[in-house]
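# Understanding the architecture of this molecule
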Amino acid sequence: MPHKTPSFLVKRSLAASRTFNPIRNLVDHMKVKPNPNLPLIPLSIGDPTIFGNFPPPENVTSLLGGKLTNNNLHPPTVHGYPHSAGSWDARQAVAKYLTTSSYSFKPDDVMLTCGCSQAIDLAISVLANPGEHTILIPRPGFSLYRALCDSKGINFEYYDLLPHKKWQIDLESLESILRVRKDGKKIGAVLINNPSNPCGSNFSPSHIREVIDVVSKYNVPIIADEIYADMAFNENDKFHSFSDVSQGDYPVVHVGGLAKRYMIPGWRLGWVGLAHQSGHLNEVKQGILDLSQLTLGPSSIIQGILPQVFEETPATYHFNNLVQLRENAETIRRGLEGIEGLEVIPAEAAMYLLVKINPQKFKHVKNDVDFAMQLFEKESVFVLPGEVFQIPNFFRIVITPPKDKLEEACNRIQRFCSKHLTNI
Ligand SMILES: Cc1ncc(COP(=O)(O)O)c(C=O)c1O
């Protein structure tokens, strides 16, 4: 007689029910459909591969086949388990890649991860205990920071960025949170994202110095999310890392990866790099090594080609991408310039820019979410509302689509705005 299973619902865990991705949530709950008469222009997802105008470096894609076919008979092959923090050759290659004239990374201070997302996860996990520590995160900022803290039950607080000061950190806002700890919780880390998603900003070395000066009064480590490192596209404003400016004198947990600069987000190769001249982060290093044993890091195949990725990609590849990003940012700035009710905050780096909306200028548009939804429904242009990044009354544009698509999107945004303009 077959056993009949009684009907019951298997419950999900607390960690799962606390995990919330605001972008997924917005997309999944969108009730509106794009205008069927206009082709969709997605300016919403930070994946530069969508339109084909930012291909990966040719030398990098051709490396893959070689590793799989040539190396499979003679051990050590790329087919076995690598060290949980990554193969030594790959860690050495990342250390060399991160090293500047001011700070030399040691290979054993580098740990490889599944994308920069896992690097951020490890950095937060190793620096904060649930209920005991607070992580300070930027507003506006990448939504994963909050999602990770929520999922782990770790407290977080926002410090502000200033739109009309090139999105620099509001040092007063930051210091007031560091100084006044009424809740008795210790600060686990200040998480900084430079260049920034969603702002497209790039801090000057003097601003980075100011930030380190403020944070260092409170002996709190910095997590520097530098996944957009070296993607500053204005000719005279180079990217500077926190480890370079601090010269390793202040503990910085750098996180980065291949996703954006090499245009291969799907390859999932990231890293943590510890900058600490005097060994401030030795215990943290051991903690990350222990945590990395839970997942054993990224694919051995990608690790196997990493040294050549860095050594053999021509400088012209990066240069040409930066030229295209600069032109695209300029196309959007010009395309939206002068539209009543909108203000473009110019971008200098990464793949995004933010546009400020004055909802009072528009009929039947209550806020940024409403703006984004109606623009999608009427003009088939998909931008993300600022709410997703904790900055209401802004929207984010991804600047990687080809120029003609961006021009068309700007024309449609202009048409949408002029149709909805109030007469006051
Ligand atoms: C600021 C920031 N940090 C980290 C990541 C995650 O990078 P990865 O795709 O390597 O996990 C992203 C991805 O968009 C990002 O914008």
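The rules behind the values
Residues numbered from 1 in each chain as written. Predicted model: local features only at pLDDT ≥ 70, side-chain atom pairs only at ≥ 80, totals over all residues. Heavy atoms only, no water. Helix = DSSP H or I, 4+ residues; strand = E, 2+ residues; numbered from the N terminus. Rg over C-alpha atoms; globule rule 2.2 N^0.38 Å. Buried < 20%, exposed > 50% of the residue type's maximum accessible area, 1.4 Å probe, protein only. Contact = heavy atoms within 4.5 Å. Areas by Shrake-Rupley, 256 points an atom, 1.4 Å probe, with all protein chains shown as cover. Lys, Arg positive; Asp, Glu negative; His and termini not counted. Charge placed at Lys NZ, Arg CZ, Asp CG, Glu CD. Pairing = 2+ DSSP bridges. Polar contact = N/O pair within 3.5 Å; in protein donor to acceptor, adjacent residues only side chain to side chain. Salt bridge = Lys/Arg side-chain N within 4 Å of Asp/Glu carboxyl O. Phe/Tyr/Trp six-rings, centres within 6.5 Å; stacked < 30°, edge-to-face > 60°. Near = heavy atom within 4 Å. Nonpolar A, V, L, I, M, F, W, Y, C, P; charged D, E, K, R; others polar. Right-handed = clockwise from strand over helix to strand, strands pointing away. Axes fitted to C-alpha atoms, helices over the stretch in contact; angles between N-to-C directions.

### Focus on the overall build of the protein
The number of helices and strands found in the protein is 14 helices and 14 strands. Its C-alpha atoms give the protein a radius of gyration of 23 Å, near enough to 22 Å, the size a compact globule of 424 residues would have. For the protein, the spread of C-alpha atoms along the three principal axes comes to 75 × 70 × 55 Å. For the protein, with 424 residues in total, the buried portion stands at 52%. Across the protein, every contact between residues at least 6 apart in sequence was considered, and the portion connecting residues at least 24 apart equals 75%. Accessible area for the protein stands at about 19,600 Å²; split by element, carbon and sulfur atoms hold 53% of it. Of the charged side chains in the protein, 42 are positive and 42 negative; the average position of the first set lies 7 Å away from that of the second.

### Some remarks on the sheet that holds strand β14 (residues 394-398)
Sheet architecture is open: four strands sit in the order β10-β11-β14-β13, paired in antiparallel fashion. Strand pairing shows two members of the sheet lacking a second neighbour, β10 (342-345) and β13 (384-385), which therefore form its edges. When β13 meets β14, the two strands line up antiparallel, connected through two bridges. Paired with L384 across the strands is R396, a residue of β14.

### A look at the side chain of D368
Relative to the assigned elements, D368 resides in helix α13 (residues 368-379). Separated by 3.1 Å, the side chain of D368 and the backbone nitrogen of G386 make a polar contact. If we skip the residues at most four places from it in the chain, D368 touches I357, P385, G386, E387, I391, P392, N393 and F394.

### Let's talk about the pattern of salt bridges
This model, assessed by the stated rule, comprises 18 salt bridges. R333 serves as the salt-bridge partner of E337, at 3.1 Å between the closest nitrogen and oxygen. Between R412 and E408 there is a salt bridge; the shortest N-O distance is 2.9 Å. Placement of the pair is R412 and E408 together in helix α14 (residues 403-420), with a separation of four residues, close to one helical turn. Sharing partners across several salt bridges, the network here consists of K106, D108, D109 and K285.

### Concerning the environment of V365
By the secondary structure assignment, V365 is in the loop between β11 (352-357) and α13. The class for V365 is buried, based on a relative accessible area of 5%. In sequence terms V365 and A329 are 36 residues apart; their C-alpha atoms lie 26 Å from each other. V365 has contacts with P359, D370, F371, Q374, F416 and H420, leaving out every residue within four places of it along the chain.

### Focus: the environment of H79
Its location among the elements puts H79 in the loop between α3 (58-70) and α4 (88-98). The sequence separation of H79 and S299 amounts to 220 residues, and the corresponding C-alpha distance is 9.1 Å.

### Thoughts on the packing of aromatic side chains
Scanning the entire structure with this criterion turns up 14 aromatic pairs. With a centroid separation of 5.9 Å and 80° between ring planes, the pair formed by Y97 and W271 is classed as edge-to-face. Here Y97 is found in helix α4, whereas its partner W271 is found in strand β9 (residues 269-275), with 174 residues between them in sequence. Here Y228 and Y352 contribute two aromatic rings whose centre-to-centre distance is 5.6 Å and whose plane-to-plane angle is 90°, an arrangement assigned as edge-to-face.

### Quick look at the site of the ligand
The local shell around the ligand holds 14 residues, among which C116, S117, D225, Y228 and R268 are the closest. Within the contact set of the ligand, an oxygen atom lies 2.7 Å away from a backbone nitrogen or oxygen of C116. A distance of 2.7 Å is found between an oxygen atom of the ligand and a side-chain nitrogen or oxygen belonging to Y228. Relative to its unbound accessible surface of 400 Å², the ligand loses 92% to contact with the protein. Here the shell around the ligand takes four residues from helix α5 (residues 115-127), the largest share from any one element. Of the residues belonging to the shell around the ligand, the class tally is seven nonpolar, four polar and three charged.

### With respect to the pairing of strand β3 (residues 133-139)
By the criterion of burial, β3 is predominantly enclosed, with six of the seven residues buried. In terms of strand pairing, β3 meets strand β6 (residues 186-193) through four bridges, oriented parallel. Paired with L136 across the bridge in β6 is V190. Bridge count between β3 and strand β4 (residues 155-162): six bridges; the pairing is parallel. Paired with L136 across the two strands is E157, which belongs to β4. Regarding the hand of the β-α-β motif, the stretch spanning β3, helix α6 (residues 143-152) and β4 is right-handed.

### Notes on the sheet that holds strand β7 (residues 222-225)
Within the open sheet, the eight strands sit side by side as β2-β9-β8-β7-β6-β3-β4-β5. Their pairing is mixed. The open sheet has two edge strands with one neighbour each: β2 (110-114) and β5 (168-169). For strand β8 (residues 252-257) and β9, the ladder comprises six bridges, and the chain directions are antiparallel. When the bridges of β9 are listed, G257 appears paired with G270. In the packing of helix α11 (residues 300-312) onto the sheet, contacts are made with β2 and β9, and the angle to β9 comes to roughly 70°.

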